[in-house]
Amino acid sequence: MLTLVEIQSLPRTAAFFDLDKTVIAKSSTLTFGKSFYQGGLINRRAVLRTAYAQFVFLLGGADHDQMERMRQYLSALCRGWNVQQVREIVAETLHELIDPIIYDEAASLIEEHHLAGRDVVIVSTSGAEVVEPIGEMLGADRVVATRMVVEDGCFTGEVEYYAYGPTKAEAVRELARSEGYDLDRCYAYSDSATDVPMLEAVGRPHAVNPDRALRKEAAARDWPVLTFSRPVRLKQRLPSLSMPSRSALAVTGAAVVAAAATAGLVWYTSRRRARFGPF
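Please read all numbers here as calculations on a predicted model, not as lab measurements.

Caption draft 1: Main features of the sheet that holds strand S3 (residues 142–151). Reading across the sheet, the seven strands line up as S4-S3-S2-S1-S5-S6-S7 and stay open at both edges, with mixed pairing between neighbours. Because the sheet does not close on itself, it has two edges, and the strands there are strand S4 (154–161) and strand S7 (225–226). With four bridges connecting them, S3 and S4 associate as antiparallel partners. Bridge pairing in S4 links valine 150 to phenylalanine 155.

Now the structure itself:
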């Protein structure tokens, strides 16, 4: 059995999760279409188009060409949007829209990785204004997401950083350098063949609800294939009611130790008083 010093000296590890159709059952960005319409950011025609895009995405995923068309459409759509308004809309509707579509299996995996001492990192092509609050809800330690150019508090429609394909793999390797992760011992999860570079970057890749191309790739490389099919609200999950981060788990563990020490002190004091009196 390893000693505490030996455990602490081991290289750090992480689990990297794609978001859409891996952790949640839909496209995170498109899910907020109706909310953006109610907030006055898009018109009815755009709502119908985003609903259709969501249908296509759910039906068969999205290959490189489809993802590029979606990127161009969403970039043009958000031009001129007030960033603070977007964040407020996401915050107000996050639990209503996202909580019900989180896969129970993914939530359990995130918990297991945290309990094993691994960081959990969400790596998503969706925009940071959407992904970061979802990552916080899930208890993720870090988030990598697409960032748009902002001027005077509004989106310009230009992309500053596109978290897609090889760029995701670059982000994973950069985090490994900055955080000291041993990539050979790290995990990665995705549903799309466009994330093969990210899956290749770690020693323990997994295909989750894979599209046809990724399923074929996984079979050729002998990668495990997981099926997630049970979206469940986090508060309805048992035994935990929320997704604790690794730091929260550490605090909980410290609290348990402190409680046990306090209980032991109380027991010892009461025994001593019973034998020798109060002084």
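Caption draft 2: Region of the structure containing the pattern of salt bridges. According to the stated counting rule, one finds twelve salt bridges in the structure shown. Among the ionic pairs, aspartate 104 bridges to arginine 230, the shortest N-O distance being 3.4 Å. In this pair, aspartate 104 sits in helix H7 (residues 104–115) while arginine 230 sits in the loop between S7 and helix H12 (246–276), placing the two residues 126 residues apart along the sequence. For aspartate 104, a relative accessible area of 15% puts it in the buried group. A salt bridge links aspartate 119 to arginine 142, with the shortest nitrogen-to-oxygen separation between them at 2.7 Å. Here aspartate 119, found in strand S2 (residues 119–127), pairs with arginine 142, found in strand S3; they are 23 residues apart in sequence, far enough to count as distant. Residue aspartate 119 is classed as buried on the basis of its relative accessible area, which comes to 1%. The exposure class assigned to arginine 142 is partly exposed, which follows from its relative accessible area of 24%. Counted as one network, the salt bridges with shared partners bring together Arg12, Asp119, Arg142 and Glu179.

Caption draft 3: A look at the packing of aromatic side chains. Counted under the stated rule, the structure contains six aromatic pairs. Plain terms: the ring middles of phenylalanine 17 and tyrosine 189 are 4.5 Å apart, the flat faces sit at 15° to each other, and that makes the pair stacked. Taken together, the positions of phenylalanine 17 in strand S1 (residues 14–17) and tyrosine 189 in strand S5 (residues 187–190) put the pair 172 residues apart, joining distant regions of the chain. Plain terms: the ring middles of tyrosine 162 and tyrosine 164 are 5.3 Å apart, the flat faces sit at 15° to each other, and that makes the pair stacked. Note on accessibility: tyrosine 162 and tyrosine 164 belong to one class, buried. An aromatic cluster is built from Phe32, Phe36 and Trp81, whose rings are joined through pairwise contacts.

Caption draft 4: Spatial organisation of the side chain of serine 126. With respect to the helices and strands, serine 126 occurs in strand S2. For serine 126, the side chain forms a polar contact with the side chain of threonine 29, separated by 3.2 Å. Once residues within four sequence positions are removed from consideration, serine 126 is found in contact with Asp20, Ser28, Thr29, Val131, Ala145 and Thr146.

Caption draft 5: Focus on the layout of surface pockets. The calculated volume of the largest pocket comes to roughly 700 Å³. Around the largest pocket, the lining comprises 43 residues; the ones closest to its centre are Thr29, Leu74, Thr125, Ser126 and Gly127. The element that contributes the greatest number of residues to the lining of the largest pocket is helix H5 (residues 64–77), accounting for six residues. In terms of residue class, the lining of the largest pocket is made up of 19 nonpolar, 15 polar and nine charged.

Caption draft 6: Just helix H8 (residues 128–138), in detail. Most of H8 sits inside the fold, with eight of its eleven residues counted as buried. Every buried residue belonging to H8 is among Ala128, Glu129, Val130, Val131, Ile134, Gly135, Met137 and Leu138, and all of these are buried. At its buried positions, H8 is contacted by helix H2 (28–31), helix H6 (83–97), H7, S2, S3 and S4. A positive phi of about 80° marks glycine 139, the residue just after H8.

Caption draft 7: Inspection of the pairing of strand S6 (residues 204–208) at higher detail. With respect to burial, S6 is a largely interior element, four of its five residues being buried. When S5 meets S6, the two strands line up parallel, connected through four bridges. Considered in S6, the bridge of serine 190 is made with alanine 207. Of the pairings in the sheet, the one linking S6 to S7 comprises two bridges and is parallel in character. Its bridge partner lying in S7, valine 208 is registered against leucine 226. Once you follow S6 into helix H11 (residues 212–221) and on to S7, the crossover reads as right-handed.

Parameters and conventions
Residues numbered from 1 in each chain as written. Predicted model: local features only at pLDDT ≥ 70, side-chain atom pairs only at ≥ 80, totals over all residues. Heavy atoms only, no water. Pairing = 2+ DSSP bridges. Helix = DSSP H or I, 4+ residues; strand = E, 2+ residues; numbered from the N terminus. Salt bridge = Lys/Arg side-chain N within 4 Å of Asp/Glu carboxyl O. Buried < 20%, exposed > 50% of the residue type's maximum accessible area, 1.4 Å probe, protein only. Phe/Tyr/Trp six-rings, centres within 6.5 Å; stacked < 30°, edge-to-face > 60°. Polar contact = N/O pair within 3.5 Å; in protein donor to acceptor, adjacent residues only side chain to side chain. Contact = heavy atoms within 4.5 Å. 1 Å grid on protein atoms, 1.4 Å probe; cavity = no way out; pocket = protein on both sides within 12 Å on 5 of 7 lines; lining within 4 Å. Points joined across faces, edges and corners; volume = space filled by probe spheres on them. Nonpolar A, V, L, I, M, F, W, Y, C, P; charged D, E, K, R; others polar. Right-handed = clockwise from strand over helix to strand, strands pointing away.

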